[in-house]
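Geometric and topological summary
Here are the chains, one letter per residue:
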Amino acid sequence: MTDRREVFASKSAEQVLRLVLGHPLAWVVALEGESFRASPLPLRPRVRDGRIESLEGHMARSNPLFAALGRDARALLLFTGPQSYISPSWMRNRTWAPTWNYAVVQFLVTVAFDETPARLDAHLHDLVEAMERGRPNAWHPSEMGERYESLKRMIVPFEARVLEQRAKFKLGQDERDSAFADIAAALEQSGSSELLAWMRELNPGR
């Protein structure tokens with residue numbers, strides 16, 4: 001019998017990278033004894049030999065994560081890609097049960113802060129360039145003028161080096177052809193093009 005973890009595993013490092021690039025806002029979770037600190041932060045991957053080696057981000061110095069990660073550098077990074085509730089109302093077979101389709105990636109990392117001004121500049125410019133690319137009238141940090149330097153003092157950049165990676169792409173691989181066709185038709189009608197594209201990629205020939 002096929003292990004469901006294998007059925008829903010990502011097929012390539014490129015898929016993981018594409019999810020992280022397409023959905024850069026991740027939960028950063030720091031463990032503190034029996035409790036935790038968590039904050040959503042935009043992250044940029046750094047790749048070596050086709051795989052994500054580390055992720056770069058920044059946070060406010062006032063963010064409780066800053067102090068927490070200073071005490072214990074370990075953290076979890078949780079990325080959620082395209083996802084949707086899958087309704088039995090879409091099915092010709094009304095005995096079919098509801099489910100949820102999604103693509104997620106988790107990283108166990110160690111976080112190191114870097115107070116170097118040049119490192120912060122490089123990170124912020126890289127992030128803004130990535131997010132503004134292709135936009136009409138794209139914005140650049142230089143347009144902030146003097147305010148840019150004052151805001152920089154309030155944040156700190158970091159690098160999260162990957163220790164372990166886990167990805168799960170639950171995108172209809174276990175569905176019968178008829179159910180998959182019903183789901184695809186409903187997603188196409190509702191305009192959920194990204195999720196549908198991922199489902200078709202993970203289900204070639206269907």
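These lines cover the structure that appears in this document, whether it is placed above or below. (Residues numbered from 1 in each chain as written. Predicted model: local features only at pLDDT ≥ 70, side-chain atom pairs only at ≥ 80, totals over all residues. Heavy atoms only, no water.)

1. So, the sheet that holds strand β6 (residues 99–113)
- Overall, antiparallel pairing links the seven strands, which are arranged β2-β1-β5-β6-β7-β4-β3 in an open sheet. If you trace the sheet from one side to the other, it starts and ends with β2 (35–42) and β3 (44–48), each paired once. Pairs of neighbouring strands in the sheet enclose a mean axial angle of 30 degrees, with direction left out of account.
- Here eight bridges tie strand β1 (residues 25–32) to β2, and the two strands are oriented antiparallel to one another. Residue pairing in the sheet places Trp 27 in a bridge with Pro 40 of β2.
- Contacts from helix α4 (residues 117–132) reach β2, β3, β4 (51–60) and β7 (155–170) within the one sheet, and its direction differs from that of β4 by about 105 degrees. (Pairing = 2+ DSSP bridges. Helix = DSSP H or I, 4+ residues; strand = E, 2+ residues; numbered from the N terminus. Axes fitted to C-alpha atoms, helices over the stretch in contact; angles between N-to-C directions. Contact = heavy atoms within 4.5 Å.)

2. Section: the packing of aromatic side chains
- Within the structure shown, the criterion is met by five aromatic pairs.
- A ring pair is formed by Phe 66 and Phe 113, whose centres lie 4.8 Å apart and whose planes are at 80 degrees; its orientation type is edge-to-face. Of this pair, Phe 66 sits in helix α3 (residues 64–71) while Phe 113 sits in strand β6, and the two are 47 residues apart along the sequence.
- Of the residues examined, Phe 113 reaches a relative accessible area of 23% and is grouped as partly exposed.
- Relative to Phe 158, the ring of Phe 113 has its centre 6.1 Å away and its plane inclined at 70 degrees; by these criteria the two rings are edge-to-face. In this pair, Phe 113 sits in strand β6 while Phe 158 sits in strand β7, placing the two residues 45 residues apart along the sequence.
- In this structure an aromatic cluster arises from ring pairing among Phe 66, Phe 113 and Phe 158.
- Its end group placed over the ring of Trp 198, Arg 18 keeps NZ or CZ at 4.7 Å from the ring centre. (Phe/Tyr/Trp six-rings, centres within 6.5 Å; stacked < 30°, edge-to-face > 60°. Buried < 20%, exposed > 50% of the residue type's maximum accessible area, 1.4 Å probe, protein only. Lys NZ or Arg CZ within 6 Å of the ring centre and 35° of its normal.)

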